[in-house]
Amino acid sequence: MRIDIITCLPELFDGPMNQSIIKRSQQKGLVDIFIHDLRPYSVNKQKSIDDYAYGGGAGMVMMIEPIDRCITALKQNLSYDEIIYLTPDGEGLTQGICNQLSLNKNIILLCGHYKGVDERVREHLITRELSIGDYVLSGGELAAMVLADALIRLIPGVLNDESSALTDSFQDSLLAPPVYTRPAIYNGWDVPAILQSGNEAKINDWRYELAVKRTKERRPDLLK
Ligand code: 6GU
């Protein structure tokens, strides 16, 4: 999978995209991430990428031309399955959407800033709009990283234990059950005996039961 990210703050991606699982998945050749600075695609001599809103009001709006030029340049080399704009008024991201998007070959993520992008970008240049939750971030960059992370870990071969993405919370509309590791007793707090019994069928039943219980308590909306 190839992910091209368009941003006016490319430095923000330096750390998170170059650590741990995301770093290793790139080294293994399972994913390619390219960060594109929007600024060089500006057309005026001040190199601006935003301007005042028509009709007035506080806040700058990202201009269509640099974004169009950047997307057009990318499309000259490759065809893209999705061009996703990260915005708080987009469709809410779910594990189901992540599963679906992880099957794509090439995607573009467009990060918004200021008061957002010129509406014509949304009408004509992108294929999809996603939000990562009902709160407002100062830009789409963190949301793009969240989305990239959620997609990359679903690509076969990225996780060492390939079955482990399947037992994540949300993967079957249930939260994940509790997990324990050694020591078996710490401070007098012990690990449930069933997990130490070696009886795989009983352990699976226990895990399912606790997943349901936890989901009922914490996220009853998932059980509908
Ligand atoms: Cl995708 N962008 C911004 N700026 N804020 C958000 C968001 C995205 N999702 C939730 N809040």
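The rules behind each value
Residues numbered from 1 in each chain as written. Predicted model: local features only at pLDDT ≥ 70, side-chain atom pairs only at ≥ 80, totals over all residues. Heavy atoms only, no water. Helix = DSSP H or I, 4+ residues; strand = E, 2+ residues; numbered from the N terminus. Expected span 1.5 Å × (residues − 1). Buried < 20%, exposed > 50% of the residue type's maximum accessible area, 1.4 Å probe, protein only. Phe/Tyr/Trp six-rings, centres within 6.5 Å; stacked < 30°, edge-to-face > 60°. Patch = residues over 30% accessible without salt bridge, like charges linked within 9 Å, V, L, I, M, F, W, Y side chains within 5 Å. Areas by Shrake-Rupley, 256 points an atom, 1.4 Å probe, with all protein chains shown as cover. Salt bridge = Lys/Arg side-chain N within 4 Å of Asp/Glu carboxyl O. Pairing = 2+ DSSP bridges. Right-handed = clockwise from strand over helix to strand, strands pointing away. Axes fitted to C-alpha atoms, helices over the stretch in contact; angles between N-to-C directions. Contact = heavy atoms within 4.5 Å. Core = buried A, V, L, I, M, F, W, Y, C linked by side-chain atoms within 4.5 Å. Domains from an automatic or database assignment. Near = heavy atom within 4 Å. Polar contact = N/O pair within 3.5 Å; in protein donor to acceptor, adjacent residues only side chain to side chain.

Draft legend 1. Structural context of helix H5 (residues 141-152). Across its 12 residues, H5 extends 16 Å between first and last C-alpha, which sits within 8% of the 16 Å expected from 1.5 Å per residue. Across the 12 residues that make up H5, a large majority, 9, are buried. Buried within H5 are the following residues: Glu141, Ala143, Ala144, Met145, Leu147, Ala148, Ala150, Leu151 and Ile152.

Draft legend 2. Up close: the packing of aromatic side chains. Enumeration according to the criterion identifies 1 aromatic pair in this entry. Ring geometry for Tyr186 against Trp189: centres 6.1 Å apart, planes inclined by 55 degrees, an arrangement best described as tilted. Each member of the pair, Tyr186 as well as Trp189, carries the same accessibility label: exposed.

Draft legend 3. Main features of a nonpolar patch on the surface. Together, Tyr135, Leu137 and Leu142 give the surface a local cluster of nonpolar side chains, amounting to about 280 Å² of exposed area. Within the fold, Tyr135 resides in the loop between strand S7 (128-131) and H5.

Draft legend 4. How the structure looks around the pairing of strand S2 (residues 32-37). Of the pairings in the sheet, the one linking strand S1 (residues 2-7) to S2 comprises 6 bridges and is parallel in character. Pairing of Thr7 across the sheet is with Asp37, part of S2. Once you follow S1 into helix H1 (residues 20-27) and on to S2, the crossover reads as right-handed.

Draft legend 5. The arrangement of the sheet that holds strand S5 (residues 82-92) in detail. Strand order across the open sheet formed by 5 strands is S2-S1-S6-S5-S7, with parallel pairing between neighbours. Where the open sheet ends on each side, the last strands, each with one partner, are S2 and S7. Geometrically, the sheet is characterised by an average inter-axis angle of 30 degrees between neighbouring strands, direction not taken into account. Here S1 runs beside strand S6 (residues 106-111); their pairing, made up of 5 bridges, is parallel. Pairing of Asp4 across the sheet is with Ile108, part of S6. Against the sheet, H5 engages S1, S2, S5, S6 and S7, with an angle of about 155 degrees to S6.

Draft legend 6. A look at the nonpolar core. In terms of nonpolar packing, the biggest core is built from 30 residues, with Ile3, Leu109, Leu147 and Ile152 touching the most fellow members. For this core, the elements supplying multiple residues, two or more each, are S1, S5, helix H3 (95-101), S6 and H5. A total of 8 residues in this core trace back to one element, the largest contributor, which is H5. When near neighbours in sequence (up to four residues on either side) are disregarded, Ile152 contacts Ile3, Ile22, Ser25, Val31, Ile33 and Val158. Ranked by size, the runner-up nonpolar core spans 18 residues in total, among them Ile67, Cys70, Tyr85 and Ile108.

Draft legend 7. Just the environment of Gly133, in detail. Tracing the sequence through the fold places Gly133 in the loop between S7 and H5. For the pair Gly133 and Thr87, spaced 46 residues apart in the sequence, the C-alpha separation amounts to 9.7 Å.

Draft legend 8. Quick look at the domain arrangement of the chain. Considered domain by domain, the chain is made up of domain 1 (2-152) and domain 2 (167-223). The C-alpha-based centres of domain 1 and domain 2 are spaced at 37 Å.

Draft legend 9. Summary view of the environment of Ala53. Position of Ala53 among the secondary structure elements: in the loop between strand S3 (50-52) and strand S4 (60-62). Since its relative accessible area comes to 23%, Ala53 is described here as partly exposed. For the pair Ala53 and Met63, spaced 10 residues apart in sequence, the C-alpha to C-alpha distance is 9.7 Å. Leaving out residues up to four positions away in the same chain, Ala53 has contacts with Gly59 and Val61.

Draft legend 10. A look at the site of the ligand. Near the ligand you find Leu86, Thr87, Pro88, Leu130, Ser131, Ile132, Gly133, Tyr135, Leu137, Gly139 and Ala143, and these make up its full shell. At 3.3 Å, a side-chain N or O of Ser131 approaches a nitrogen atom of the ligand. Ile132 is positioned such that a nitrogen or oxygen atom in its backbone is 2.9 Å from a nitrogen atom of the ligand. Protein coverage of the free-state accessible area of the ligand, which is 290 Å², stands at 96%. At the level of secondary structure, the elements contributing two or more residues to the shell around the ligand comprise S5 and S7.

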